[in-house]
Structures are given as C-alpha cells and as structure tokens.
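# Observations on the model geometry
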Amino acid sequence: QVQLVESGGGLVQPGGSLRLSCAASGFTLDDYAIGWFRQAPGKQREGVSCISSSGGSTYYADSVKGRFTISRDNDKNTVYLQMNSLKPEDTADYYCALPLGPCAYRGLGPTAEYGSSGQGTQVIVSS
C-alpha cells in the first residue's frame, strides 16, 4: 500500500525553526521526485519545494527561498523540509506528495500539481 506520512509540525514563534519529515512506504522513493506543498485557510494551495529523485536538484518557491531546505534520505525512504526563519505567513498545513511532472514545471507555486498526499502536518507560526 502506497503511503506518505508527514510529521514534525507544531507551534513555533516567528524566527524559529521546524523540521518536517515525510516517510514513504509501499514504494521505492528514490525512483521519484517529491515535493512539499502547503494549504493555509482561505489561501490558494502553494507548492513550496521539490527535489529530484537523486536529490541533485532542488527547487523552492520565492516565498521560502533562502529559508527552507529540502533533502531526502533514500535509504530511509524519507524526505525532509528544514524550515528556518519562520514567519506568520508560513502558517499552513504542509503536505508531501509526488509532483505530476518535473519539479521545475509542476512542483512550485500556485500552479503546482501533485498526486495524493498524506494527512499533512500543521505548522503555526505565532507569538
């Protein structure tokens, strides 16, 4: 059974950090690019980061560039999103999923297209 499980969210103060994890099961993650998107209440879904199958190429939305870092451990079938210098506008539910095309074209921004995700993990940035 193909499954993605996100974890690591929580409440953090502005300027703080969180590390999200996405554990994949039921398939070999290293065959695929994978990314993170977020959904905030009343806002459009946004692809925030994407990583190639090898991990050699990473992509970031302008809104998170320089603050977020995506990585993957194919031996653990897990993808991570390190989020630093968090801002209140980063508050959202975060999901990982396989992009429906190359990261550069389907992985970022409001036009990102992703397949089925896990249940998501909530990130709240607030003082």
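The text that follows walks through the structure, step by step, so that each part is easy to find. Since the structure is predicted, the reported quantities are computational estimates derived from the model, not experimental observations. (Residues numbered from 1 in each chain as written. Predicted model: local features only at pLDDT ≥ 70, side-chain atom pairs only at ≥ 80, totals over all residues. Heavy atoms only, no water.)

### Remarks on the state of the cysteines
All chains considered together, the criterion is met by 2 disulfides. Two residues share a disulfide in this structure: Cys 22 and Cys 96, whose sulfurs sit 2.0 Å from each other. Between Cys 22 and Cys 96 the sulfur-sulfur dihedral comes to about 65°; the bridge is accordingly right-handed. Linking Cys 22 in strand 3 (residues 18-25) with Cys 96 in strand 9 (residues 92-97), this pair joins segments that are 74 residues apart in sequence. Cys 22 gets classed as buried once you look at its relative accessible area, which sits at 0%. Here Cys 96 falls in the buried class, since its relative accessible area comes to 0%. Indicated for the protein is the disulfide connectivity 1-3, 2-4, based on numbering the bonded cysteines in sequence order. (Disulfide = S-S within 2.5 Å. Helix = DSSP H or I, 4+ residues; strand = E, 2+ residues; numbered from the N terminus. Buried < 20%, exposed > 50% of the residue type's maximum accessible area, 1.4 Å probe, protein only.)

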